[in-house]
Every structure is written in structure tokens, then in C-alpha cells.
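An overview of the molecular structure
Residues per chain are reported as follows:
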Amino acid sequence: MSFDITEKNIKGLLIKTDAFIRTMYFVKHDLNLLPQKDHICTCINFSDLIEMRDEFVKELVVSVVDYVYSSKKSASIRQQYIEEGRSISQANDLLSLKAKEKFRKSYIQGQFSEILLFLLLQHHFHGVPLLRKMPITTNPALERNGADAYHICMMDSKVVLFLGEAKTYDREKYGLQSALKDSIISILEHYKNHRSELNLYNYEEFIPEELENIAADYLSGKRNDFEVHLVCLIAYDGKFDVQGKSRDEKLAFIVKVVKEATTKIKPDIFKDIPKDLDLRFNYIIFPITSMQELLVNFRRKLTT
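Report on the accompanying structure. (Residues numbered from 1 in each chain as written. Predicted model: local features only at pLDDT ≥ 70, side-chain atom pairs only at ≥ 80, totals over all residues. Heavy atoms only, no water.)

1. A short note on the packing of helix α3 (residues 53-62) against helix α11 (residues 291-302)
- Taken N-terminus to C-terminus, the directions of α3 and α11 make an angle of 45 degrees; their axes are 10 Å apart at the nearest point. The orientation of α3 relative to α11 falls into the category oblique. Note on packing geometry: the crossing formed by α3 with α11 is right-handed. Of α11, the residues touching α3 (which contributes Arg53, Asp54, Phe56, Val57, Lys58, Leu60 and Val61) are Glu293, Leu294, Asn297, Phe298, Lys301 and Leu302.
- For the contact of α3 with α11, the residue count by class is seven nonpolar, one polar and five charged. (Axes fitted to C-alpha atoms, helices over the stretch in contact; angles between N-to-C directions. Helix = DSSP H or I, 4+ residues; strand = E, 2+ residues; numbered from the N terminus. Parallel < 35°, antiparallel > 145°, perpendicular 65-115°, else oblique. Left-handed = near helix turned anticlockwise from the far one by under 90°. Contact = heavy atoms within 4.5 Å. Nonpolar A, V, L, I, M, F, W, Y, C, P; charged D, E, K, R; others polar.)

The structure is reproduced here in C-alpha cells:
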């Protein structure tokens, strides 16, 4: 299938993220990070004084089908269930269960990170998924090396491929500076090796049909005109009590805490970023309070 990579065509392939994004709040700011440009500070949204944690987790979980299957593959599976004598609602329930079974419950922290990155790359960067790491069939509990996301978009009349690295950290082990440093080292390694790591990836089942030939051409080396940009998503346990007497005050407090934390980050953690890659770096900083409780809730909803 022939497909022209244009901004309009790519945006037409993006999934609906509106309901999920309503459960989050974000600001764009340089965050005292290098390169000096707008990066993203995000957090779970509030409804008045109440954090929208349950809604956030629910919207993550209901996005699993979109994460696992393309719309065409979903429709095919759904139709198969209907032809077997099931109702539309039964077919939808079975499709959801089938998609959830693709998740590795023993690696819930990584799965949380990857589906979060999948959604945020589509919303903030208008990037459509192109490739994904294949599971290790001999031991699905193990994790392959390689970037967590390959999404494609149009930017300034150029085809841009976003390599995404999603990290979820327990702050008892990692402060924000350590987490950021670890994430930079990891994404630089993936960038350096991403051509040689392409044997780890496939595009079947989950990408739009329109992109299948483009994905195949990139894997085979027929397409090498993509400009590669890097996205580091760093979710960490903020270990702070959110202060404020209104929604606006609570959100402003979280942003202030993040800005104060990034101000303390030592510039030498950016020293290994090559100058020609500098402006292609993008950071998403995401503090989460009581992260372990949230991950337990995510796992529970995945298994129900």
C-alpha cells in the first residue's frame, strides 16, 4: 500500500488520547535542563482537591488494546469472535482480555512505562508507532535490549523518527539526577546501536496498515532518510505531600517542586551528549506520589 508521509496523513493515524490526557496536567518549560528549550513537566491531574489517580490508571488500562493491536487487527479479531457466535459486547470483552494477556505481569513497571510513553508520544509529539520490540519467546519474562518506542511524525517538513526511552524509578534508589543520568546514558546507547538492533523489532499487529511498507523499508535499510530525535520519559516517586488549597495551587506546587529539583541537577550529566544531537533531546519529567500503590492498582486493573 502506497502512503505519502505528510503531516495530515500522519495525524490521521493517531489514536484518540483525549480521555487519557484529561487525567494529566502538563507545562512546557526549559526546566533548567540541556538543551535549553521547552521540555515537558507533567503530573496526574486534579479534580478540585482530589487527584485523578483512579481515572489515570483506568485510561491507561483501556488503552491496552490500542497499544497491542492496530485498528485493522482489532477489527479482525473482534469479527472472528462475532462469527464464532458471540455478541459485540462479548467480542469486545474478549479482545480486551486477549490484549491484556500480551502484557508481562512480571514486568509491570516496564509495561506501565511503555504504554505511558506510547500515549504521550502520540499526544505531545504527534508520533505514530512504527516499530516495537519483539518478545523473547523462550522466556517472555525477560526484557530485550533496545529503545522502548519508535514513533514517526512530520516536523518542519522532515520525516522524524522518535526513539523513546521510558523509565519508572523508585526514588528510594534513584534521585531525579541519578534517574536522568541513567536515562541519558541508556537512550544514547540505543541511538548509537539502533540500526544494528533493528533485528529486535517488528511491526506486525500493532501499526496502521498504511505504515507497514514504510516500517519494512526502514528495517531493510531501503529508507534511511529519517531524522532521529530522542525522548526520555522519567517517571519517579516524588516522595512529597502535595500542598495547596485549590486545584491550581496543588498543580503549581508540583511544578515548583520539579523546577527546584531540576535546578539542582549538575550540568556534567549532559556532557556526553554529542553536540549534533543536543537539540534533538526531549525530556518528560513525571513525578508520581505513592508510586508503588499506583503500580499495584495498575496491575490489579490489568488482571480484572
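2. A few points about the sheet that holds strand β8 (residues 201-202)
- Here we have eight strands laid out as an open sheet, ordered β1-β2-β10-β9-β7-β6-β5-β8, and mixed in their pairing. The open sheet has two edge strands, β1 (24-29) and β8, and neither has a second partner.
- The sheet contact formed by strand β6 (residues 149-155) and strand β7 (residues 158-169) spans seven bridges and is antiparallel. Each bridged residue has a counterpart across the sheet, and for His151 the counterpart in β7 is Phe162.
- Seen against the sheet, helix α9 (residues 212-220) touches β5 (128-133), β6, β7, β8 and β9 (227-237) and runs at an angle of roughly 50 degrees to β5. (Pairing = 2+ DSSP bridges.)

3. Side note on unusual backbone geometry
- Looking along the chain, the bond that leaves Leu34 and enters Pro35 is cis, with omega of 5 degrees.
- As for its position among the elements, Pro35 is in the loop between β1 and β2 (39-44).
- Of note, the phi angle at His126 is positive, near 55 degrees, even though the residue is not glycine.
- For His126, a relative accessible area of 34% puts it in the partly exposed group.
- Even without being a glycine, Ser290 presents a positive backbone phi close to 50 degrees.
- One can find Ser290 in the loop between β10 (281-288) and α11. (Buried < 20%, exposed > 50% of the residue type's maximum accessible area, 1.4 Å probe, protein only.)

4. A look at the packing of aromatic side chains
- Taken as a whole and assessed by the stated rule, the structure comprises 11 aromatic pairs.
- The interplanar angle of 55 degrees and the centroid separation of 5.0 Å between the aromatic rings of Phe125 and Phe162 together place this pair among those described as tilted. With Phe125 in helix α7 (residues 108-125) and Phe162 in strand β7, this residue pair connects regions lying 37 residues apart in the sequence.
- By way of ring pairs, the aromatic residues Phe20, Phe56, Phe112, Phe286 and Phe298 are connected into one cluster.
- If you follow Arg132 out to its NZ or CZ, it ends over the ring of Tyr67, 3.9 Å from the centre. (Phe/Tyr/Trp six-rings, centres within 6.5 Å; stacked < 30°, edge-to-face > 60°. Lys NZ or Arg CZ within 6 Å of the ring centre and 35° of its normal.)

5. What to know about the pattern of salt bridges
- Counted under the stated rule, the structure contains 14 salt bridges.
- Note that Arg53 and Glu293 form a salt bridge whose closest N and O atoms lie 2.5 Å from each other. In this pair, Arg53 sits in helix α3 while Glu293 sits in helix α11, placing the two residues 240 residues apart along the sequence.
- Judged by its relative accessible area of 43%, Glu293 is partly exposed.
- As a salt-bridge pair, Glu205 and Lys102 come within 3.3 Å of each other at their nearest N and O atoms. Of this pair, Glu205 sits in the loop between β8 and α9 while Lys102 is found in the loop between α6 (88-101) and α7, placing the two residues 103 residues apart along the sequence.
- By relative accessible area, Glu205 is classed as partly exposed at 32%. (Salt bridge = Lys/Arg side-chain N within 4 Å of Asp/Glu carboxyl O.)

6. Some words on the nonpolar core
- Core analysis: the biggest nonpolar cluster contains 51 residues, and Ile152, Leu211 and Tyr283 have the highest contact counts within it.
- Residue assignment for this core shows that the elements contributing at least two residues are β5, β6, β7, α8 (176-193), α9, β9, α10 (247-263) and β10.
- Other than its neighbours up to four places away in sequence, Leu211 contacts Phe3, Ile10, Leu13, Val128, Pro129, Leu130 and Ile152.
- Listed in part, the 47 residues of the second largest apolar core include Leu60, Leu95, Phe125 and Phe298. (Core = buried A, V, L, I, M, F, W, Y, C linked by side-chain atoms within 4.5 Å.)

7. Quick notes on the pairing of β9
- Most of β9 is tucked away: 11 of the 11 residues are buried.
- Residue alternation in β9 divides its side chains into two sets, Glu227, His229, Val231, Leu233, Ala235 and Asp237 and Val228, Leu230, Cys232, Ile234 and Tyr236, and both sets are buried.
- Sheet topology note: the β7/β9 ladder contains 10 bridges and is parallel. Residue Phe162 lies in a different strand from β9, and its bridge partner there is His229.
- In this structure, β9 lies alongside β10, joined through eight bridges in parallel fashion.

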